Amino acid sequence: MTENHSASQPQTQRHRVEGPQKHIVVFVLSMVLTIIAFAAVAAGKVNKLFVIFLLLGMAIVQAFAQMAFWMHMKDRGHFFPIIGIVGGVFVVIMLVALALLWTWW
Amino acid sequence: MSAHEHHAGALPPEPEKATLEGRNKILGFWLFLGAETVLFGTLFSAYLAFRNSVLDGPKPEELFQLPMTFIMTVVLLVSSLTSVFAVQAMHRHKTGQMLGWMAVTIALGAVFLGLEIYEFNEYAHEGHRFTTSAFSSAFYTLVGFHGGHVAFGILWIGLVILQILKKGLTVVTAPKVYVSAIYWHFIDVVWVFIFTVVYLMGKV
Amino acid sequence: MAAHAHAVKRYPGFWGWLWDWLTTVDHKKIGILYLVAGGLFFVFGGIEALLIRLQLMFPMNDLISEDFYNELITMHGTTMIFLAAMPVIFALMNAVVPLQIGARDVAFPFVNALGFWTFFFGGLLLNLAWLMGEVPDAGWTAYPPLATTAYSSHHGMDYYVLGLQIAGIGTLLGGINFMATIINLRAPGMTFMRMPMFTWASFITSALIVFAFPALTVGLVAMMFDRIFGANFFNVDAGGNIVLWEHIFWLFGHPEVYILILPAFGVISEVISTFSRKRLFGYSTMVFATILIAFLGFMVWAHHMFTTGLGPVANALFSIATMAIAVPTGIKVFNWLFTMWGGSIRFTAANLYAIGFIPTFVMGGVTGVMLASAPADFQYHDSYFVVGHFHYTIVGGLVTGLLAGIHYWWPKMFGRMLHEGLGKLSFWFYIIGFHLTFFVQHFLGLLGMPRRVATYLPNQGFDTMNLVSTIGAILMTVGIAVFFVNVVITSLKPRHAANDPWEDGRTLEWAIPSPAPEYNFKQIPLVRGLDAWWKEKMEGNKELPPAEPLGPIHMPSPSILPFIMGVGFFISGFGFMYNLVFAVIGLVIVLVCMALRSIFDDHGYHIEPEEPKKGEVAA
C-alpha cells in the first residue's frame, strides 16, 4: 500500500533516460514468438491440444513482456496499474470459463 | 494543486509525471484499461461461446488467411515499438523525434485499419456477413471493436500531435503523449490475443 | 495565470443559477445533482411499485392490464437499481469522500460532471419510453428470447438497452474517478488503514464498478446489435445462445448487488460509530471483510441460474462460493453490534435508520443463504420468496442505509439539520411498512405464488398476505412522504448548521464548515490517526493541523461540455432506434466535445488566501 507515496512524488533526480536496447529486445522477442505461433499453425499435423496451449502460452509471454517494458508496468509506482490489469484478467478468466464450460451442454 | 510548479524551470526528465494532474491522468487511464480488459474479455467470451456456431457460412479455417493476418500483426507490433520510441524521445525532450515517431505510429495504424477493412470486405464477399450466424456476429463484434479502438487511437494521437505542434512539449501536453502511448500498447496487446485466439486457433 | 481571482463569471437571475448548475464541476454540487436526480427517479420507481402492489391487493384485481403490469415490473426494477440507488450512492460518495480524505476535489472534476450528465440523460432516455408509449416489458433482467425482436417487437427494449448503456458510461466514469481520487488525493498522513470506512467502501465499490460494468455494456451492445442490426448472439435459429446473456448479465449483476450494498455498509459503520461515541470495532477486519466480499462477489454469479441447468458440479461450486460470502458479512454485522456494545448510544433519526438496518439486512442475508442452497432453490426460484429476499437486501439494506446516510450528512451537504422528530416519524412508518410489505412475501413464495404474474386466483391462501403486503407498501409510502415533507420544511429554514452538528463527528468532514466551502479545506490537513477529527478534539484542538502554508487555492473551471456530451449521447440513443443519421450526429457531438476538451487547456483559477476567511462566512 505504500507504493502510492512514491507515485505521488515527482521522480526528478533518480531517473536516467533509458536507451532503446531493451525495447528492441522485447520487439524481437515478440516477433519471434509471433513467427513461431504462425509457423506452428501453418505446419499443421501437430497435436491440436498441444498447439492450442503453445499458442496461448506464447501469447501470454508476449503480452507480459510488452506490458512490463513498453507499458512500464515493471517500473516503480505501478502498484495500482497492476491491480487494475490483474483485476480485469481475473474477471476475464471467469468470462472464458463460462463461455467454454457452462454455455452449451 | 501542483500544476504550475514546473512552468518556470526546465522540463523534468519525466514530464508526464511532473504534476498531480498528470499522475492522476495516468492512474485514471490505467484503471480505465482495467475496465477495457473486461470489455474485451466479454467480447472474447462471446466469440469463444460461438466459435462453432458457423451454420451455413464459411468455417474459420476456410476463411482466415494466415499471411494477411501475419502482415497485420507485424504492422501493429512495429507501430507499438515506434510508440515506445516516441515516449523515449519525450523523456529526452526531443520534441521533433517524438512527433516523428508518433506520426509513424498513426501511419502504421492506418495501414492496419486499411488491411482490416479490406479483409472484412473479402469475408463479406465469401458469404461471411455480420448477420450470417452467431459466429459471424461475434467475430465482427470482437474484431470490429478492436478496429474501432485503433481508429479512435489514430484520431487521438493525431490530435495530440497537432496540440504539441501548437503548444510545444510541456507538463500539460506530456501526459497526453504518455497516456495515448499506453493506450496504443494496450490495443497491440489485445491484438496479440485476437490473432492467437481468433485467427490461429481458428485454423488449428 | 495565477493572479486573477475570479475567472468564473457568475450571471445574475434564474438563468445564471441554471448555468451555474449545468456547468458545475464542484463535487459537492454534483453530489446534490445526483441526489436530486436519484430522488426524482426514486419517486418514479416508487409510483410504479405502488401501482404493482395496488394491483396485487386483491385476487383477480383488474386495476391495471397485464401488459401495463409487465411494463411496471420492468421499469420499477430497472429504475430503482440503475437510476435511483446508484445515483444516490454517488451522491453520498461525491458529498463525502473528498472531504473524508482531506482533498479539495475529486481527481477528475470534469469527468465527474460528465459522469453525472451521461447517467442523467441515459435515465431520461429510458424513462421517455413512457411518453413514447413503447415501454420495456421483458423484466429488468431482459432475458432473451423474451427481450429479442421475436417477442418484443416494439421499441420498448431498445430504450432499455440504449438507456442503460448511456447511464452505464456515466457510472463507469464515476467508478474510475473515485478510485483515482482515493488513491492519489489523500491528505498527508491519511494512509489506507486510516481511511474512514465509508471511503473504504466507496473505494471497493468503485473497483467493482470498474470491473463489472464493462461486461454489462458488452451484453447490452450484443442485444442492441441483435435487435437493431440483425446480429445473432441470442438468436438460437442462427446458432446463438440465450444462456450466454444470463451469464453475462449476472456476471455483471451479482457484483452490482455488492456495488449497491457496500456503500450502505460504509454508511452504517460511520453512523453507528458516531452515535455510539466509540471507534468502530474491528476496523481492520471491516476493511478485510469488504475486500473479501468484493472478491467473492465475482465468483457467485451462477447462483442466479441454478435452474438453468448448468449441472450439479457447477451448481455445487457456486452454492458453496455463495455461502462463503456469509462469513465476511457476518464479521461486519458482529462488528457493528460490538461497536454499539458499551457505547453511549444516541437514537437520532440517522442512527435509528442505521440500527434498523442491522436486523433487517441480517434477515435478507439469512434468506440469501437459504437461496444459495441449489436444491432448495429449485423450490424458491421465481416465487415471491425471491422477491422477499432481494427487497430485504436492497430496500431493507441499501435504502435504509442510504436514508441513514442522508440524515447523517444532510447538514454537511446543505448546511441545515433535518427535523429530528419528522425523521423519527418517517423511520417508524418506513420500517414497519417495509416489514409488513416484504416479510409476508417469503411465505407467499413458499405457498407457491409466482413472481411477475399480474394477478392470482382467490382462496389459495394468498389473499390476506397480499392485502397485508399492500397495506405495508402504503405505510412505507407514508414514511417516504414524511421524509420529503421534512426535506421541504428544512429547506425553508436558515442555514446555521454547526461544523460538527452531531458533536460526536469523528472524521475530517466534520472539521470544516457546513456546507463545505467550494475549496473544502483552507489548508490541506495533516492526518495523525484513524478518526482524525475525533483525535484532535480529544487533544483539545479546535482545528485540524495544516499540512501546507496558506496560499492561493487552485480550482478547476466550470464547463458546459459535459452537459453537451450528455445531450449528444441522448440524441444518438434516439438515433439508433429511429434514424441512424442522428445516431452518427450524436456521437460526432460527443467526439467533438472530447476534442475541444483536449485542445483547450483548463488552467482553472485561483482563490486568493485572504478570500477563504471571508468565504467561510459567506458560504
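Residues numbered from 1 in each chain as written. Chains lettered and ligands numbered in written order. Predicted model: local features only at pLDDT ≥ 70, side-chain atom pairs only at ≥ 80, totals over all residues.

Draft legend 1. View of the overall build of chain A. Broken down by element type, chain A carries four helices and zero strands. Mapped in sequence order, the helices and strands of chain A form the string α-α-α-α. The 105 residues of chain A split such that 30% are buried. Long-range contacts, defined here as pairs at least 24 residues apart, represent 59% of the contacts in chain A between residues at least 6 apart. (Helix = DSSP H or I, 4+ residues; strand = E, 2+ residues; numbered from the N terminus. Buried ≥ 20, exposed ≤ 12 C-beta atoms within 10 Å, placed from the backbone. Contact = placed C-beta atoms within 7 Å.)

Draft legend 2. Representation of the overall build of chain C. Along chain C, the regular secondary structure elements total 19 helices and two strands. Taken over C-alpha atoms, the radius of gyration comes to 24 Å for chain C, in line with the 25 Å a tight globule of 619 residues would show. A principal-axis box enclosing the C-alpha atoms of chain C has dimensions of 70 × 65 × 45 Å. Split into buried and exposed, the 619 residues of chain C put 58% on the buried side. Intrachain contacts of chain C at a sequence separation of at least 6 include 82% that bridge at least 24 residues. (Rg over C-alpha atoms; globule rule 2.2 N^0.38 Å.)

Draft legend 3. Just the interface of chain B and chain A, in detail. Tallying the contact residues gives 41 residues for chain B and 44 residues for chain A. The element contributing the most residues to the side of chain B that touches chain A is helix α1 (residues 20-49) of chain B, with 14 residues. Split into classes, the residues belonging to the side of chain B that touches chain A amount to 24 nonpolar, 11 polar and six charged. (Nonpolar A, V, L, I, M, F, W, Y, C, P; charged D, E, K, R; others polar.)

Draft legend 4. Structural context of helix α13 (residues 384-414) of chain C. Residues and elements named next belong to chain C. The sharpest bend along α13 measures roughly 45° and falls at Y408, with the proline P411 sitting one to four residues further on. When you tally the buried positions in α13, you get 29 out of 31 residues, the bulk of the element. One or two steps after α13, the chain reaches G415, where phi turns positive at roughly 75°. (Bend = angle between axes of the 7 residues up to and from the residue.)

Draft legend 5. Fine view of the interface of chain C and chain A. Taken together, the 16 residues of chain C in the interface contact 15 residues of chain A. For the side of chain C that touches chain A, the elements supplying multiple residues, two or more each, are α5 (156-184), α6 (197-229) and α7 (242-276) of chain C. Ranked by residue count, the leading element in the side of chain C that touches chain A is α7 of chain C, at four residues. Its residues assigned to classes, the side of chain C that touches chain A shows 12 nonpolar, four polar and no charged.

Draft legend 6. Here's a closer look at the packing of helix α10 (residues 326-340) of chain C against helix α11 (residues 349-372) of chain C. Residues and elements named next belong to chain C. The N-to-C vectors of α10 and α11 enclose an angle of 165°; their axes lie 11 Å apart at closest approach. Classified by the angle their axes make, α10 and α11 are roughly antiparallel. In the crossing of α10 with α11, the sense of the turn from one axis to the other is left-handed. Between α10, through A326, T329, V333 and W336, and α11, the contact on the second element is made entirely by I358, V362, G365 and V369. Tallied by class, the residues present in the contact of α10 with α11 amount to six nonpolar, two polar and no charged. (Axes fitted to C-alpha atoms, helices over the stretch in contact; angles between N-to-C directions. Parallel < 35°, antiparallel > 145°, perpendicular 65-115°, else oblique. Left-handed = near helix turned anticlockwise from the far one by under 90°.)

Draft legend 7. Up close: helix α6 (residues 174-203) of chain B. Between its first and last C-alpha, α6 of chain B extends 43 Å over 30 residues, near the 44 Å set by a 1.5 Å rise per residue. Counting buried positions along α6 of chain B yields 27 of 30 residues, so the element is predominantly enclosed. (Expected span 1.5 Å × (residues − 1).)

Draft legend 8. Looking closely at unusual backbone geometry. All names here are of chain C. With omega at 5°, the peptide bond leading from P144 into P145 counts as cis. Mapped onto the fold, P145 is located in the loop between α4 (109-132) and α5. Of the consecutive residues S514 and P515, the connecting peptide bond is found in the cis state with omega at -10°. Considering the arrangement of structural elements, one finds P515 in the loop between α15 (463-491) and α16 (532-538). Positive phi, close to 55°, is recorded for R277, a residue that is not glycine. Here R277 shows up in the loop between α7 and α8 (283-297). Look at R277 and you get partly exposed, because 14 C-beta atoms sit within 10 Å.

Draft legend 9. Quick peek at the confidence of the model for chain A. All names here are of chain A. Summarising the model, chain A shows a mean pLDDT of 84, and 84% of its residues fall at 70 or more. Ranking the elements of chain A by mean pLDDT puts helix α1 (residues 3-7) last with 41 and helix α4 (residues 79-101) first with 95. Residue range residues 1-14 is modelled with pLDDT below 50. Its contacts to residues more than four positions away, or to other chains, number 17 contacts. (pLDDT = per-residue confidence, 0-100.)

Draft legend 10. Fine view of the environment of V478 of chain C. Positionally, V478 of chain C belongs in helix α15. Overall, the presence of 16 C-beta atoms within 10 Å leaves V478 of chain C in the partly exposed class.

Draft legend 11. How the structure looks around the confidence of the model for chain C. Residue and element names in this part refer to chain C. Averaged over all residues, the pLDDT of chain C equals 94, while 97% of them reach at least 70. Below a pLDDT of 50 lies the segment residues 1-7, which in the model reaches 12 contacts outside its immediate sequence neighbourhood of four places, other chains included. Taken together, the stretch residues 614-619 has pLDDT below 50 and engages in six contacts with residues farther than four places along the chain or on a different chain. Model confidence for the complex is summarised by a pTM of 0.94, with the ipTM given as 0.93.

Draft legend 12. The arrangement of the environment of D188 of chain B in detail. Inspection of the secondary structure puts D188 of chain B in helix α6. For the pair D188 of chain B and L77 of chain B, spaced 111 residues apart in the sequence, the C-alpha separation amounts to 6.5 Å. Once you skip the residues sitting within four places of it in the chain, D188 of chain B turns out to touch Q66 of chain A together with L76, L77 and S80 of chain B.

Draft legend 13. Focus on the packing of α1 of chain B against α5 of chain C. Where α1 of chain B contacts α5 of chain C, the axes come no closer than 9 Å and their chain directions differ by 135°. By the angle between their axes, α1 of chain B is oblique relative to α5 of chain C. Between α1 of chain B and α5 of chain C lies a crossing of right-handed hand. Across from R23, N24, L27, G28, L31, F32 and A35 of chain B in α1 of chain B, the residues of α5 of chain C making contact are L172, I176, M179, A180, I183 and N184 of chain C. Of the residues assigned to the contact of α1 of chain B with α5 of chain C, the class counts are nine nonpolar, three polar and one charged.

Draft legend 14. Molecular detail of the nonpolar core. Grouped together as the largest cluster of nonpolar side chains are 296 residues, with contacts concentrated most on Y47 and A86 of chain B together with M179, I268 and A404 of chain C. With 22 residues, the single largest contributor to this core is α6 of chain C. Discounting residues that sit within four places of it in the chain, A86 of chain B has contacts with M98, W101, M102, T105, V177 and A181 of chain B. In terms of nonpolar packing, the next biggest core, distinct from the first, is built from 10 residues, A372, Y380, V440 and F462 of chain C among them. (Core = buried A, V, L, I, M, F, W, Y, C linked by C-beta atoms within 7 Å.)

Draft legend 15. Region of interest: the environment of I355 of chain C. Residue and element names in this part refer to chain C. When you line up the elements, I355 lands in helix α11. With 23 C-beta atoms counted inside 10 Å, the residue I355 sits in the buried group. With 46 residues separating them along the chain, I355 and G401 place their C-alpha atoms 9.4 Å apart.

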